Amino acid sequence: MSRASGPSPRRDGVLRVGTRGSALAVAQTTTVAELIAKTTGLDVEIVTVTTHGDTSRESLSELGGRACSRAPCGTPCSPMSAI
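Residues numbered from 1 in each chain as written. Predicted model: local features only at pLDDT ≥ 70, side-chain atom pairs only at ≥ 80, totals over all residues. Heavy atoms only, no water.

Turning to the overall build of the chain, a few remarks are in order. The helix and strand inventory of the chain stands at 3 helices and 3 strands. Element order for the chain, N to C, with α for helix and β for strand: β-β-α-β-α-α. Summarising the internal contacts of the chain: among those between residues at least 6 apart in sequence, 61% fall at separations of at least 24. When the accessible surface of the chain is split by element, carbon and sulfur atoms take 57% of a total near 6,300 Å². (Helix = DSSP H or I, 4+ residues; strand = E, 2+ residues; numbered from the N terminus. Contact = heavy atoms within 4.5 Å. Areas by Shrake-Rupley, 256 points an atom, 1.4 Å probe, with all protein chains shown as cover.)

This is the structure we're talking about:
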């Protein structure tokens, strides 16, 4: 298993798993990535993702006024959308 921050080249046979950079998010993702690697035999790379919302000092209303993230395609995400 490996870790990357930001874009990295695509490699065949490697499953890339994105996570936010908080300690909790990385710890949870690491647990899941280790289980995936152990179960499937795949190489797993954890990629830390930073969004505008993570770095902006704007108020929530200035960022769009919603208390949720949006997928890269612009579709609102729900807590169940990843399941």
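The next subject is the pattern of salt bridges. Applying the stated rule across the entire model yields 1 salt bridge. For glutamate 45, the salt bridge is made with arginine 16, and the minimal N-O distance between the two is 3.4 Å. One end of the pair, glutamate 45, is in strand β3 (residues 43-48); the other, arginine 16, is in strand β2 (residues 14-19), with 29 residues separating them in the sequence. Of the residues examined, glutamate 45 reaches a relative accessible area of 5% and is grouped as buried. Note on arginine 16: relative accessible area 36%, which makes it partly exposed. (Salt bridge = Lys/Arg side-chain N within 4 Å of Asp/Glu carboxyl O. Buried < 20%, exposed > 50% of the residue type's maximum accessible area, 1.4 Å probe, protein only.)

Judged from the 6 bridges that link them, β2 and β3 form a sheet pairing that is parallel. Bridge pairing in β3 links valine 17 to isoleucine 46. After leaving β2, the chain enters helix α1 (residues 23-40) and then returns to the sheet as β3, a path that is right-handed. (Pairing = 2+ DSSP bridges. Right-handed = clockwise from strand over helix to strand, strands pointing away.)

This part is about the side chain of threonine 19. For threonine 19, the position within the fold is in strand β2. Judged by relative accessible area, which is 6%, threonine 19 ranks as buried. Within polar-contact distance, the side chain of threonine 19 engages the side chain of threonine 29 at 2.9 Å. If we ignore the near neighbours within four places in the chain, the residues touching threonine 19 are Ala25, Val26, Thr29, Ile46, Val47, Thr48 and Val49. (Polar contact = N/O pair within 3.5 Å; in protein donor to acceptor, adjacent residues only side chain to side chain.)

This brings us to α1. Taking 1.5 Å of rise per residue, the 18 residues of α1 would be expected to cover 26 Å, and the 25 Å separating its terminal C-alpha atoms lies within 8% of that figure. Looking at the residues trailing α1, positive phi occurs at glycine 41, about 80°. (Expected span 1.5 Å × (residues − 1).)

Relative to the helices and strands, threonine 30 resides in helix α1. On the accessibility criterion, threonine 30 (11% relative accessible area) is buried.

Per-residue confidence for the chain averages 77 on the pLDDT scale, and 61% of its residues sit at or above 70. In the model of the chain, strand β1 (residues 2-5) stands out as the element of lowest mean pLDDT, 66, in contrast to α1, which has the highest, 95. (pLDDT = per-residue confidence, 0-100.)

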